[in-house]
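What follows is each chain in one-letter form.
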Amino acid sequence: MATHKLLLLPGDGIGVEVMEEVKGLMKWLEARGLASFAIEEDLVGGAAFDAHGEAISDETMARAQAADAIIFGAVGGPKWDKVSYDKRPEAGLLRLRKDLDLFANLRPAICYPALADSSSLKREIVEGLDILIVRELTGGTYFGEPKEIVTLENGQRRAVDTQVYTTSEIERIARVAFELGRLRKNRVHSAEKRNVMKSGLLWNQVVTALHAAEYSDVNLEHILADNCAMQLVRNPKQFDVLVTDNLFGDILSDAAAMLTGSLGMLPSASLGAEDPVTGKRKALYEPVHGSAPDISGKGLANPIAELASFGMALRYSLDLGDIADALDRAIARVLSQGFRTGDIAAPGEKTVGTVEMGQAVITALEHEL
Ligand code: NAI
Ligand code: MG
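Residues numbered from 1 in each chain as written. Chains lettered and ligands numbered in written order. Predicted model: local features only at pLDDT ≥ 70, side-chain atom pairs only at ≥ 80, totals over all residues.

> Got a sec to walk through the overall build of the chain? Specific residues and values, please.
Looking only at helices and strands, the chain features 12 helices and 12 strands. For the chain, the C-alpha radius of gyration of 21 Å lies close to 21 Å, the compact-globule estimate for 369 residues. Reported as C-alpha extents along the three principal axes, the dimensions of the chain are approximately 60 × 50 × 50 Å. Evaluated residue by residue, the chain yields a buried proportion of 47% over its 369 residues. (Helix = DSSP H or I, 4+ residues; strand = E, 2+ residues; numbered from the N terminus. Rg over C-alpha atoms; globule rule 2.2 N^0.38 Å. Buried ≥ 20, exposed ≤ 12 C-beta atoms within 10 Å, placed from the backbone.)

As structure tokens, this is what we get:
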């Protein structure tokens, strides 16, 4: 059996608490002979700043470069609010994304039947929803140059952000979307604004050309990003894989997330380019939520987002898709059994803590494997 090298970076606040449940799951999988892991753990964020004055050390970065997958918790908290910009906890995460060139951000939005009533939309619109948004993460408006605020001769100030994409940047993110589409329902939507943006026009052309050349077996539809936002709340189940740029992806993935209930349920993955020799991708898996200072240290955090992030690592980095599928079913099972942390409980409903929820998932997994 292959031994997978994992780097665990729990970080701060509830990141540490939910990571404990992932560690429990890893130990259980190993004890059952289902997987083998070589696990390293290190500091990131405020915890790393406290230890050595930086949000991530060079030594930790070297470990990250060598890992098959990085499992990340969350960083930040009021304790570090006054730390300078380049040393603040988030800088650790930004450096990981940048140095590992993690250009593809995967955000699933899954609506479990047991939680369909906690969505802001009607049950029949969201029940059984399972979308994967593939957001370009390292290009576009957030990074394009020029990016500045200048004072004009007439005394006004003018701000500029620049949306820039090259063919290779578009092609590599579209390729990820088509590959994932093949593993899912073979349906990909590509969202841009070709009607008013040159970058949208190029995006559309590059996606169309790649589709024709290599992925004509996948159903591709182009959709304007504003219409896409509307369709996400009108009839979200029409989507399977949705690929889009950094800016639209930021907004559309947050909108899709809220169709499904709580932040405590949402996993994510960030993938880099395939190594031409080994075929492996650098990859970081993390929950969408932050360090939740309001509940940290109390054992109340929902560990499902972190457990499901580890599930994505099993599927996309470790070639253990069967276990990932079983884990997804186990999560659905504990929810239908009525296990609820505070964030997903209806008013008056009985709640469990982080450890109890983690244990319940492992018990359910026993039934699913
Ligand atoms: P947050 O995601 O930490 O919390 C928002 C709300 O959701 C809070 O009420 C929290 O209790 C609740 N919540 C979040 N995750 C939960 C879980 N697993 N179970 C139950 N409830 C949960 O976002 P917030 O409050 O804006 O930021 C707090 C800190 O986290 C800040 O320092 C921020 O910079 C940092 N942050 C870090 C991120 C990361 O590490 N990737 C992402 C977002 C925020
Ligand atoms: Mg956002």
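> Describe the domain arrangement of the chain, listing the residues and the values that go with them.
Accessible area lost upon the coming together of the parts is a frequently used measure of interface size. Domains assigned within the chain are domain 1 (1–104 + 268–369) and domain 2 (130–258). At the junction of the two partners, domain 1 supplies nine residues and domain 2 supplies eight residues. Taken together, the residues of the side of domain 1 that touches domain 2 sort by class into six nonpolar, one polar and two charged. (Domains from an automatic or database assignment. Contact = placed C-beta atoms within 7 Å. Nonpolar A, V, L, I, M, F, W, Y, C, P; charged D, E, K, R; others polar.)

> Requested: an account of the pairing of strand β3 (residues 69–74), with residues and values cited.
Of all six residues in β3, six are buried, a share of seventy percent or more. In this structure, strand β1 (residues 3–11) lies alongside β3, joined through five bridges in parallel fashion. When the sheet's bridge partners are listed, Leu8 is paired in β3 with Ile71. Where β3 lies against strand β12 (residues 281–287), two bridges are found, and the strand directions are parallel. Considered in β12, the bridge of Ile71 is made with Tyr285. (Pairing = 2+ DSSP bridges.)

> I'd like a rundown of the UniProt feature "binding site: substrate" (unreviewed entry) in the chain, residues and numbers included.
Under the UniProt annotation, the feature "binding site: substrate" (unreviewed entry) is placed at Arg97, Arg107, Arg135 and Asp226. Spanning 130 residues, the named residues do not form one spatial group; their C-alpha atoms are separated by as much as 27.7 Å. The class for Arg97 is partly exposed, based on 17 C-beta atoms found within 10 Å. Contacts of Arg97, omitting those with residues within four sequence positions, involve Leu102, Leu137 and Ser270. When you line up the elements, Asp226 lands in helix α8 (residues 225–234). (UniProt positions renumbered as here; feature names shortened; annotations may be inferred.)

> So what's going on with the nonpolar core? Residues and values would help.
With 110 residues, the main nonpolar core has Ile70, Ile71, Val134, Ala177, Tyr285 and Ala313 as its most contacted residues. By residue number, the principal contributor to this core is helix α10 (residues 304–316), which donates nine residues. The contacts of Ile71, once residues within four sequence positions are left out, are Leu6, Leu8, Val22, Tyr285, Ser309, Phe310 and Ala313. (Core = buried A, V, L, I, M, F, W, Y, C linked by C-beta atoms within 7 Å.)

> Quick one: what's the story with the packing of helix α6 (residues 167–183) against helix α7 (residues 198–214), residue by residue and with numbers?
Running from N to C, α6 and α7 cross one another at 55 degrees; their axes reach a closest spacing of 9 Å. With respect to their mutual orientation, α6 and α7 come out oblique. Remark: the crossing between α6 and α7 carries right-handed chirality. Residue-level contacts link Thr167, Ile170, Glu171, Ala174 and Arg175 of α6 to Leu202, Trp203, Val206, Val207 and Leu210 of α7. Broken down by class, the residue content of the contact of α6 with α7 amounts to seven nonpolar, one polar and two charged. (Axes fitted to C-alpha atoms, helices over the stretch in contact; angles between N-to-C directions. Parallel < 35°, antiparallel > 145°, perpendicular 65-115°, else oblique. Left-handed = near helix turned anticlockwise from the far one by under 90°.)

> How would you explain α8 if you had to name every residue and give the values?
Buried within α8 we find Ala225, Cys228 and Leu232. Mapping the buried residues of α8 onto a view down its axis gives an arc of 45 degrees, with all of them on the same face. α8 presents Asn227, Met230 and Arg234 as exposed residues on the side facing more than 90 degrees away from its buried surface. Among the structural elements, β8 (187–192), β9 (219–224), β10 (241–244) and α9 (246–258) are those in contact with the buried residues of α8. (Arc of directions from axis to C-beta.)

> Now, about the sheet that holds strand β5 (residues 130–136): what can you tell me, with residues and values included?
Adjacent strands of a sheet form backbone hydrogen bonds with each other and so pair up, either parallel or antiparallel. Strands sit in the order β2-β1-β3-β12-β11-β4-β5-β10-β8-β9 across an open sheet of 10 strands; the sheet is mixed. Each end of this open sheet is capped by a strand with a single partner; those strands are β2 (36–41) and β9. In this sheet, neighbouring strand axes are inclined to one another by 25 degrees on average, regardless of whether the strands run parallel or antiparallel. The pairing of β5 with β10 spans four bridges and is classified as parallel. Within β10, the residue paired with Leu132 across the bridge is Val241. Where helix α1 (residues 14–31) meets the sheet, its contacts fall on β1, β2, β3 and β12, and the angle it forms with β3 comes to roughly 145 degrees. Where α8 meets the sheet, its contacts fall on β8, β9 and β10, and the angle it forms with β9 comes to roughly 105 degrees.

> Please set out the packing of α1 against helix α12 (residues 354–368) residue by residue, giving values where relevant.
Between α1 and α12, the least distance of the axes is 10 Å, while the angle of their chain directions is 25 degrees. Considering their axes alone, α1 and α12 lie roughly parallel with respect to each other. Crossing of α1 over α12 shows right-handed handedness. Between α1, through Glu17, Val18, Glu21, Gly24, Leu25 and Trp28, and α12, the contact on the second element is made entirely by Thr354, Gly358 and Ile362. For the contact of α1 with α12, a count of residues per class yields four nonpolar, three polar and two charged.

> If you had to explain the environment of Ala209 to someone new, which residues and values would you point to?
Within the secondary structure, Ala209 sits in helix α7. Separated by 147 residues in the primary sequence, Ala209 and Glu356 have C-alpha atoms spaced 50 Å apart.

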